[in-house]
Amino acid sequence: MEFAGFDRPRPSGGTLTATALKILIAGGFGVGKTTMVGTISEIRPLHTEELLSDRGVGVDDLSGVETKVATTVALDFGRITIREDLWLYLFGTPGQDRFWFMWDELALGALGAVVLADTRRLQDCFPAVDYFEQLKLPFVVAVNCFDGARRHDPAKVRRAVGLDESTPVVMCDARNRASVKDVLTTLVTHAVSRR
Amino acid sequence: MERDGTVTDEDPGPLVRLYGLTGGRARPPGESFDLVAIVTTIRTPFELPGLNPEHHAMLSICRRPTPVADVAAQLGLPLNITRVLLGDLRREGLVNIDPPQPANQTIDERTYRDVLHGIRRL
Ligand SMILES: Nc1nc2c(ncn2[C@@H]2O[C@H](COP(=O)(O)OP(=O)(O)OP(=O)(O)O)[C@@H](O)[C@H]2O)c(=O)[nH]1
Ligand SMILES: [Mg+2]
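The shown structure was predicted, so the numbers you read here are calculated from the model rather than taken from an experiment.

Novice: Any chance you could explain the side chain of Thr82 of chain B here in plain terms?
Specialist: Positionally, Thr82 of chain B belongs in helix H4 (residues 79-91). Ignoring any residue separated from it by four or fewer positions in sequence, one finds Thr82 of chain B in contact with Met58, Val68, Val71, Ala72 and Leu77 of chain B.

As structure tokens, this is what we get:
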């Protein structure tokens, strides 16, 4: 060990444990993912353009095919601090199917997911629902009430999406803080009850 | 260089410039690690050739154990670029990167209540 510039010992014996929990925000194109992360994050949400393949190396993860074209994907993420040593990170997942592998990474070890749905085009949320069901990752379906009306019947949505009885369906407005808090507490409660 | 946390728009310029930081690498050296892996600085060298100002900033941030995603947020850097630079620091033995526990194993009764309370309090 060097004495020059020595900072702090490695946390050992579990006395100093920092924990970061991941929640995914998924759903179809334009359904309100970015909005939801922005509504609840305590930091200005990062909207980053991520480069996925090395320039010049030439192997694209997605296809295994030689390519010199840089692939980028937009990701949103936000943070909620729970305790000094415990954070909740929200990741808005990329909408396009070709980024499934990115979902795999984000979903690994995650607490759960919110699938945003728009009743005018409910089918857009099916890929996300299928994905999380297959992964056995706890999720809730949040119906984003774009027209502001509360006339959507959760039972109808449940039937249309083919959800089992235990998966919560909640109405929400992604622009509204209280509403997003509701969605997240529902998810956390569901995730804990599923263990 | 713009450091406002937004690296979007049609102009590929900022991204290309940022990738200058990593020498064009999109993946960190060594074993891959999660976006919420916890990074802890082990030591801060007075001088080490090859470290850029971003590396130094990361060493300073991670004196307090910090998730990868948060290092990115604090520096306004894309996640993958942050990860490459943190990978460099790990290779030099300057930081530890601890894989996160899966949430379903981490969450005990107290954590669960804290998380609920934390969300409601917002
Ligand atoms: N009325 C209403 N509009 C909303 C709501 N949520 C989002 N919007 C609007 O819908 C549009 C799309 O929202 P985004 O948050 O960008 O959706 P997204 O899922 O991130 O979209 P992509 O990343 O392009 O797939 C924006 O103009 C939002 O202001 C909502 O709950 N109600
Ligand atoms: Mg978006």
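Novice: Where do I start with the side chain of Asn80 of chain B in this structure?
Specialist: Along the polypeptide, Asn80 of chain B turns up in helix H4. In this structure the side chain of Asn80 of chain B is engaged in a polar contact, spanning 2.9 Å, whose partner is the side chain of Arg83 of chain B.

Novice: Could you clarify how one ought to interpret unusual backbone geometry in this entry?
Specialist: Both trends apply: most residues other than glycine have a negative phi, and most peptide bonds are in trans. Positioned with a positive phi, Lys136 of chain A is a non-glycine residue whose angle comes to about 60°. Mapped onto the elements of the fold, Lys136 of chain A is located in the loop between helix H3 (126-135) and strand S6 (139-144).

Novice: Looking at this structure, I do not really get the site of ligand 1. What am I missing?
Specialist: Residues and elements named next belong to chain A. Taken together, 14 residues form the shell around ligand 1, and within it Lys33, Thr34, Thr35, Asn144 and Phe146 come nearest. In this structure, Lys33 approaches ligand 1 through a main-chain N or O atom, which is 2.9 Å from an oxygen atom. Here an oxygen atom of ligand 1 and a side-chain polar atom of Thr34 are 2.7 Å apart. Sorting elements by how many residues they give to the shell around ligand 1 places helix H1 (residues 33-40) first, with three residues. Tallied by class, residues from the shell around ligand 1 come to five nonpolar, six polar and three charged.

Novice: Is there a simple way to think about the pattern of salt bridges in this case?
Specialist: Oppositely charged side chains can pair when the atoms bearing their charge come close. This model, assessed by the stated rule, comprises 14 salt bridges over all chains. With its nearest N and O atoms 3.4 Å apart, the salt bridge here joins Asp118 of chain A to Arg121 of chain A. Linking Arg91 of chain B and Glu92 of chain B is a salt bridge whose minimum nitrogen-to-oxygen distance equals 3.8 Å. Residue class for Arg91 of chain B comes out exposed when judged on its relative accessible area of 53%. On the basis of relative accessible area, Glu92 of chain B is assigned to the partly exposed category, the value being 35%. When salt bridges that share partners are traced, they join Arg83 and Asp85 of chain A together with Arg110 and Asp114 of chain B into one network.

Novice: I would appreciate a short explanation of the packing of H1 of chain A against helix H5 (residues 177-193) of chain A in the present structure.
Specialist: Each pair of packed helices can be summarised by the angle the axes make with each other and by the distance between the axes. Residues and elements named next belong to chain A. Axis separation between H1 and H5 bottoms out at 9 Å; the angle between their running directions is 100°. It follows that H1 is roughly perpendicular to H5 by the angle criterion. Of H5, the residues touching H1 (which contributes Met36, Thr39 and Ile40) are Arg177, Val180, Lys181, Val183 and Leu184. A per-class count over the contact of H1 with H5 returns five nonpolar, one polar and two charged.

Novice: How should I be thinking about H5 of chain A in this particular structure?
Specialist: Think of an α-helix as 3.6 residues a turn; residues three or four steps apart then line up on the same face. Residue and element names in this part refer to chain A. With 17 residues, H5 extends 24 Å between its outermost C-alpha atoms, agreeing within 8% with the 24 Å of an ideal straight helix rising 1.5 Å per residue. When we look at burial in H5, the residues that qualify are Ser179, Val180, Lys181, Val183, Leu184, Thr185, Leu187, Val188, His190, Ala191 and Val192. The distance from a side-chain oxygen at the start of H5 to the backbone nitrogen of Ala178 is 3.0 Å, and the residue carrying that oxygen is Asn176.

Novice: What is the right way to read the pairing of strand S2 (residues 38-41) of chain B from this model?
Specialist: Consecutive side chains along a regular strand alternate between the two faces of the sheet. All names here are of chain B. Judged by which residues are buried, S2 turns out to be covered on both faces: Ile38 and Thr40 on one side and Val39 and Thr41 on the other are all buried. Bridge analysis of S2 against strand S3 (residues 66-67) gives two bridges, and the strand direction is antiparallel. Within S3, the position partnered with Ile38 by the bridge is Pro67.

Novice: Looking at this structure, how should I read the confidence of the model for chain A?
Specialist: Detailed reading of predicted coordinates is not advised where the pLDDT is low. Here chain A shows a mean pLDDT of 81. Residues at 70 or above account for 76%. Contacts of residues 1-15 of chain A to residues separated by more than four positions or lying in other chains number 24 contacts, the stretch itself having pLDDT below 50.

Novice: When you look at the state of the cysteines in this model, what are you seeing that I'm missing?
Specialist: Structurally, a disulfide amounts to a covalent bond that connects the sulfur atoms of two cysteines. Residue and element names in this part refer to chain A. Counted by the stated rule, this structure contains zero disulfides over all chains. Looking at Cys125, it has no disulfide partner, and the nearest cysteine sulfur is the one in Cys172, 12 Å off. Looking at Cys145, it has no disulfide partner, and the nearest cysteine sulfur is the one in Cys172, 6.5 Å off. Residue class for Cys145 comes out buried when judged on its relative accessible area of 5%.

What counts, and at which threshold
Residues numbered from 1 in each chain as written. Chains lettered and ligands numbered in written order. Predicted model: local features only at pLDDT ≥ 70, side-chain atom pairs only at ≥ 80, totals over all residues. Heavy atoms only, no water. Helix = DSSP H or I, 4+ residues; strand = E, 2+ residues; numbered from the N terminus. Contact = heavy atoms within 4.5 Å. Polar contact = N/O pair within 3.5 Å; in protein donor to acceptor, adjacent residues only side chain to side chain. Near = heavy atom within 4 Å. Nonpolar A, V, L, I, M, F, W, Y, C, P; charged D, E, K, R; others polar. Salt bridge = Lys/Arg side-chain N within 4 Å of Asp/Glu carboxyl O. Buried < 20%, exposed > 50% of the residue type's maximum accessible area, 1.4 Å probe, protein only. Axes fitted to C-alpha atoms, helices over the stretch in contact; angles between N-to-C directions. Parallel < 35°, antiparallel > 145°, perpendicular 65-115°, else oblique. Expected span 1.5 Å × (residues − 1). Pairing = 2+ DSSP bridges. pLDDT = per-residue confidence, 0-100. Disulfide = S-S within 2.5 Å.

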